[in-house]
Amino acid sequence: MTQAINHLEMAGITKRFPGVLANDDVTIEVQAGEVLALLGENGAGKTTLMNVLYGLYQPDSGEIRINKKPVHITSPRQAIELGIGMVHQHFMLVPTLTVAENVALGLVTSAPVLDLKVVSKKITEISSSYGLAVNPEAYVWQLSVGEQQRVEIVKAIFLGASLLVLDEPTAVLTPQEAAELLNLLKRMAEQGRPIVFISHKLNEVMAVSQRVTVLRDGRVVASVKTEDTSAQELARLMVGREMTPRRREGEARPGRTVLELRNVQAANDKGSLALRGISLEVRASEVLGIAGVSGNGQRELAEAISGLRKVTDGQVFIGEREVTNRTPDKMIASGLGYIPEDRLHVGTISSFAVWENLVLKDHHRRPYARSIFLQNGPIRSATASLVGSYGVKTPTLDTPTGRLSGGNIQRLILAREISRSPSVLLAAYPSRGLDVGATEYVHTKLLEARKTGTGVLLISEDLEEILNLSDRVAVLYEGKIMKTLPVSEANERILGLLMAGVA
Amino acid sequence: MARRSLNEGVYLSKMNRNAGTIRLVKSWMQQLLILLGALLAALLIGAILLAIARSNPIRAYYVMFTGPFSSRFGITETLVRATPLLLVGLGIVISFRSGILNIGGEGQILAGAVTAAALALVLQSWPAPVLIPLVLLAAAAAGASWGGIAGWLKARLSVNEILSTVMLNQIALQIYLYLIRGPLIDPQEVAYGTGVPQTALLPRQVWFPRLVPATRLHAGLILALLLAVLVYVFLWRTTIGYRMRAVGAGPAAARYAGIRVEFYLILAMALAGAFAGLAGAVEVLGVHHRALEGLSGGYGFSGIVAALFGRLHPLGTIPASLLIGALILGADMMQRGVSIPAAMVMAIQGLVILFVVSSDILLRQPELLSRMVPRLAKKR
């Protein structure tokens, strides 16, 4: 039987990838009863470090010590046997199986018959001892994202984890679910478990952890007690400079209407009505924010406007032209720019080179093409200058886009969409999953577009983002606009109520 | 802020350019080693099969690997087999790159072959400079229509293209056999009462010139090589090729960018069919000079292997076709020289295909290999 982990130390870990020093002499320490927050921007080396701990990577140098004894971890299986449990950002659950069956999947047993009742009983024990509400008989597809995450935690404990590592656990949760998770982690730590909490969200780190280790560019820049620091200081340490939130400047001077929806209806993938008569107007030089909990029609709204989803009733206008149910290329030609929610599969083609993704919408236009032939010279010089001016960090123009970090992929998409000077820019969750620096950049660019006369439709679930950037805010709830109000009349409380469907 | 990023971008690009080149060379070597490793593994298992069948694997493989290269006959016959493989393979490269799988090469070859033979027989007296291009174009069009059906079914009705192309192979085969046994049968066969199912000999002016006298090596090889370069230019230097690759690599992103995904799926399948149809015509004009039974010779399937072996690159498909051509010829020679049952030869070919296709995952995710090797070493 594995011995409980009372103390874990990763000492002097260095991990090099071709061209990148992902971890440079990183030392972290965590002991029973405390939450260690590992804070850092995307690409700072947090995930690499945890993959070293989980046996997915071998460090080039450095040592891992459990209860002061050095260990060699060469596979996830071995990490689990040592009592390390990992809850990944993306859940590893089979939707068509029950909770108990999913938990049993990780079980290594020599018994030929699987007794699910025993599994269920143990799950119930675990869930009651930590206040982790989980029903072992429920099917995973029936569970909300927050519940699925609890299943992952139960699974890790069930498999004997005494130390828990959570990689950006709140990224996929609603604010309520996130708060609940933080409470749970605190309770678990109080019961004597060491917990490593990976995040780039400062308020969460301040709320949940006892100690913070800040990583930047693969190095530890600070290891401090949470009570001795502040969110401002951590932000400065993490980014390496002072941060100021971007806000729109100047009064809105909205111009002509650039996008109008009249009573638009559309179905979701399952065929039920997801947009139930949406009417809205975006004018030049303004940002209209669409607030709301995801899943209330945001995806369908963006797709209906961009021509990717059939509008079953109502009309869409871009400028003066009616474009209802036109194909995506017609929408693009009418002046629509679109930063899609899924930047890996929709916004870019991962296996395509950076330059190929930058000309995705214009590859057939002059000067990039003459008749059917691509013109390498003009393409290279134009894309090189876009990479420069939007600060896309890429080794070469020919690097496959999928190798870039999320923030750099988003910069690439911004470069493509904004440089086409659209009259309307549809931005769906443009900063989701991005770190502080990249988010700041996205906001700067959206506000620049607004300044140059573009009408921006910003779909987001981040109220701070909505309140900072928008001139007007519309709240989407169950496929309808609950209310549209000027930002001066909006605050988190009012929007929160509207988002919950309370008028 | 903007200035800082700009400088960083320039710095990074300078720093990593050299690293990038080195990695590319290394990975190219690595790819070759993985492919050869897969081949070796397939042959090892084949050796066990041969041993079970009481043949001497060493002698069999000796014939198989030296035969194709040890004589003028061997070398030219390798090239004769490589020609249709390359043509079919080029079509496969286009379709796979566009994200649609064409298993219908066999049927498309037959559609092209029978069209070529029929047209050449009907237009007997036309001069070669007009007739040859016309016959080739007609054969390509026939293959394209046959392939296009599967493309259309996929794009409009979401019919799985693997199923539809395999079914269409059967239909094409039966129509082909009907035609060369019935309406198109050689009148001499009827007159002499022998009834061999084949068309009459085509007019001499449409025969492809022989590149080496007294061998079957014909000008179709040059046509195939030229087309390989053309396909490369098409896929990587034209807007249409760009869109087809976009549809294959990221259909959702392609649709988002305003590319008509369905249209390019159909086009991809039609082009794949066109190349297979061309392969059929080239076999008719270059090798047999008539349409006869067994003409497709499995090239519709082996062409897929050639394309995969060539890393789905038109130029890579050239050496891959030569290799597969030599393998097929070597297997034929082994069958005759060491008298190994034909089924065994097919089994060995099947093993090669299985291993090569399976090695694909390692090629796509080289980091898997670096994790596998130490693990395997530890087990031992």
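The structure displayed is predicted, hence computed values, not measured ones.

1. Considering the pairing of strand S22 (residues 480-486) of chain A
All names here are of chain A.
Now for step 1: Note that strand S21 (residues 472-477) and S22 share six bridges and pair antiparallel. When the sheet's bridge partners are listed, Tyr 477 is paired in S22 with Lys 480.
Now for step 2: The loop that links S21 with its antiparallel partner S22 comprises two residues; one of these, Glu 478, has a positive phi angle of about 45°.

2. What to know about the packing of aromatic side chains
Now for step 1: For the coordinates displayed, the defined rule picks out five aromatic pairs over all chains.
Now for step 2: Aromatic side chains B:Phe263 and B:Tyr264 sit 5.0 Å apart centroid to centroid with 90° between the ring planes, which places their arrangement in the edge-to-face category.
Now for step 3: Above the plane of the ring of A:Tyr429 lies A:Arg432, whose end atom (NZ or CZ) is 4.1 Å from the centre.
Now for step 4: We note A:Lys445 situated over the ring of A:Tyr390; from NZ or CZ to the ring centre the distance is 4.5 Å.

3. Some thoughts on helix H4 (residues 116-130) of chain A
All names here are of chain A.
Now for step 1: Helix length check: H4, at 15 residues, gives a terminal C-alpha distance of 21 Å against a target of 21 Å (1.5 Å per residue), a fit within 8%.
Now for step 2: Listed as buried for H4 are Val 119, Ser 120, Ile 123, Ile 126, Ser 127 and Tyr 130. Looking straight down H4, one finds that the buried residues subtend no more than 125° of arc, so they occupy a single side. Turned more than 90 degrees from where H4 packs its buried face, Lys 117, Val 118, Lys 121 and Ser 128 sit exposed.
Now for step 3: Looking one or two residues past H4, Gly 131 carries a phi angle of roughly 65°, positive in sign.

4. Focus on the sheet that holds strand S5 (residues 69-71) of chain A
Residue and element names in this part refer to chain A.
Now for step 1: Spatially, the four strands line up as an open sheet ordered S2-S1-S4-S5, and their pairing is antiparallel. Of all strands in the sheet, those bounded by a partner on one side alone are strand S2 (20-31) and S5. The sheet shows a mean angle of 30° between the axes of neighbouring strands, direction not considered.
Now for step 2: In terms of strand pairing, strand S1 (residues 7-17) meets S2 through eight bridges, oriented antiparallel. Bridge pairing links His 7 to Gln 31 in S2.
Now for step 3: Its contacts with the sheet place helix H1 (residues 46-53) against S1, S2 and strand S4 (61-66), and it is angled at close to 115° to S1.

5. Considerations on the sheet that holds strand S11 (residues 257-267) of chain A
All names here are of chain A.
Now for step 1: The four strands lie next to each other as S12-S11-S14-S15, forming an open sheet whose pairing is antiparallel. On the outer flanks of this sheet lie strand S12 (273-283) and strand S15 (321-322), each paired with one strand and no other.
Now for step 2: As defined by bridge partners, S11 adjoins S12 across eight bridges and the pair is classed as antiparallel. Note that in S12 the partner of Thr 257 across the bridge is Arg 283.
Now for step 3: On top of the sheet, helix H9 (residues 298-306) reaches S11 and S12; it is set at about 60° to S12, its chief contact.

6. Focus: the interface of chain A and chain B
Now for step 1: On the side of chain B, 30 residues touch chain A, which itself brings 41 residues to the contact.
Now for step 2: Summed over both partners, the interface of chain A with chain B comes to about 3,000 Å²; 63% of that surface belongs to carbon and sulfur atoms.
Now for step 3: Three residues stand out in chain A for area buried against chain B, namely A:His363, A:Ile372 and A:Leu374, and they jointly supply 16% of the buried area on that side.
Now for step 4: Run the count over chain A and chain B and you get one salt bridge.
Now for step 5: Salt-bridge contacts for A:Glu356 lead to B:Arg245; the nearest nitrogen and oxygen are separated by 2.8 Å.
Now for step 6: Across the contact surface, chain A and chain B share ten residue pairs in polar contact (both at pLDDT 80 or more).
Now for step 7: Mapped by element, the contributors of at least two residues to the side of chain A that touches chain B are helix H10 (328-333), strand S18 (373-374), helix H12 (376-389), helix H13 (406-419) and helix H14 (436-451) of chain A.
Now for step 8: Across the side of chain A that touches chain B, the residue classes break down as 18 nonpolar, 13 polar and ten charged.

Cut-offs applied
Residues numbered from 1 in each chain as written. Chains lettered and ligands numbered in written order. Predicted model: local features only at pLDDT ≥ 70, side-chain atom pairs only at ≥ 80, totals over all residues. Heavy atoms only, no water. Pairing = 2+ DSSP bridges. Helix = DSSP H or I, 4+ residues; strand = E, 2+ residues; numbered from the N terminus. Phe/Tyr/Trp six-rings, centres within 6.5 Å; stacked < 30°, edge-to-face > 60°. Lys NZ or Arg CZ within 6 Å of the ring centre and 35° of its normal. Expected span 1.5 Å × (residues − 1). Buried < 20%, exposed > 50% of the residue type's maximum accessible area, 1.4 Å probe, protein only. Arc of directions from axis to C-beta. Axes fitted to C-alpha atoms, helices over the stretch in contact; angles between N-to-C directions. Contact = heavy atoms within 4.5 Å. Buried area = accessible area lost by both parts, 1.4 Å probe. Salt bridge = Lys/Arg side-chain N within 4 Å of Asp/Glu carboxyl O. Polar contact = N/O pair within 3.5 Å; in protein donor to acceptor, adjacent residues only side chain to side chain. Nonpolar A, V, L, I, M, F, W, Y, C, P; charged D, E, K, R; others polar.

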